[in-house]
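Structure assessment
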Amino acid sequence: GGDSCAIAMNPYLCDFVETRHKKYGPVFKTEYFGEKFIFVSGIELVERVLTSEPQFTRAGWTESQAKLFGEEAITMAFGCQHTWHRKILERAMN
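The model shown is predicted, which means the values in this text are computed figures rather than measured ones.

Reading the values: the criteria
- Residues numbered from 1 in each chain as written.
- Predicted model: local features only at pLDDT ≥ 70, side-chain atom pairs only at ≥ 80, totals over all residues.
- Heavy atoms only, no water.
- pLDDT = per-residue confidence, 0-100.
- Helix = DSSP H or I, 4+ residues; strand = E, 2+ residues; numbered from the N terminus.
- Phe/Tyr/Trp six-rings, centres within 6.5 Å; stacked < 30°, edge-to-face > 60°.
- Buried < 20%, exposed > 50% of the residue type's maximum accessible area, 1.4 Å probe, protein only.
- Pairing = 2+ DSSP bridges.
- Patch = residues over 30% accessible without salt bridge, like charges linked within 9 Å, V, L, I, M, F, W, Y side chains within 5 Å.
- Areas by Shrake-Rupley, 256 points an atom, 1.4 Å probe, with all protein chains shown as cover.
- Salt bridge = Lys/Arg side-chain N within 4 Å of Asp/Glu carboxyl O.

A word on the confidence of the model for the protein
In the predicted model, the protein carries a mean pLDDT of 77, and the fraction of residues at 70 or more is 79%. Mean pLDDT values for the elements of the protein range from 70 in helix H1 (residues 4-9) up to 85 in strand E1 (residues 27-32).

Written out as structure tokens, the structure reads:
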């Protein structure tokens, strides 16, 4: 739903964002694999969002991406867990 196909068919997310920015301005919303996103661009707007509304921001993968890649996939890991997975894969590749 939403812009899932437009994002998936575009090799670079920044191209998708740039196209939407030109059409809708520095703040626009989209839906990607069933998850709703609001894109904000510009130093002042981004700073305002990140400092005044922390409950609305998050880092990480969406639930849909976790289902797609698998919750234990290296692409889903952060911090120590990612480092641990990466070291195992590096040993296997060498």
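Don't stop here, the text continues.
Some points on the packing of aromatic side chains
Under the defined criterion, the tally for this structure stands at three aromatic pairs. Aromatic side chains Phe16 and Phe39 sit 6.3 Å apart centroid to centroid with 65° between the ring planes, which places their arrangement in the edge-to-face category. One end of the pair, Phe16, is in helix H2 (residues 13-24); the other, Phe39, is in strand E2 (residues 35-40), and 23 residues separate them in sequence. Assessed through its relative accessible area of 2%, Phe16 is described here as buried. Ring centres of Phe28 and Phe39 lie 4.9 Å apart, and the angle between their planes is 5°; this geometry places the pair in the stacked category.

Focus: the pairing of E2
For E1 and E2, the ladder comprises six bridges, and the chain directions are antiparallel. Note that in E2 the partner of Phe28 across the bridge is Phe39. Counting the residues between successive antiparallel strands, the hairpin from E1 to E2 contains two residues, one of them, Phe33, with a positive phi of roughly 50°.

Here we look at the environment of Glu63
Within the secondary structure, Glu63 is located in helix H4 (residues 63-69). Given the relative accessible area of 53%, Glu63 is considered exposed. Sequence separation between Glu63 and Gly34 is 29 residues, and the spatial gap between their C-alpha atoms is 9.1 Å.

What about a nonpolar patch on the surface?
A surface patch of nonpolar side chains, about 260 Å² in accessible area, is lined by Val27, Ile38 and Leu45. Mapped onto the fold, Ile38 is located in strand E2.

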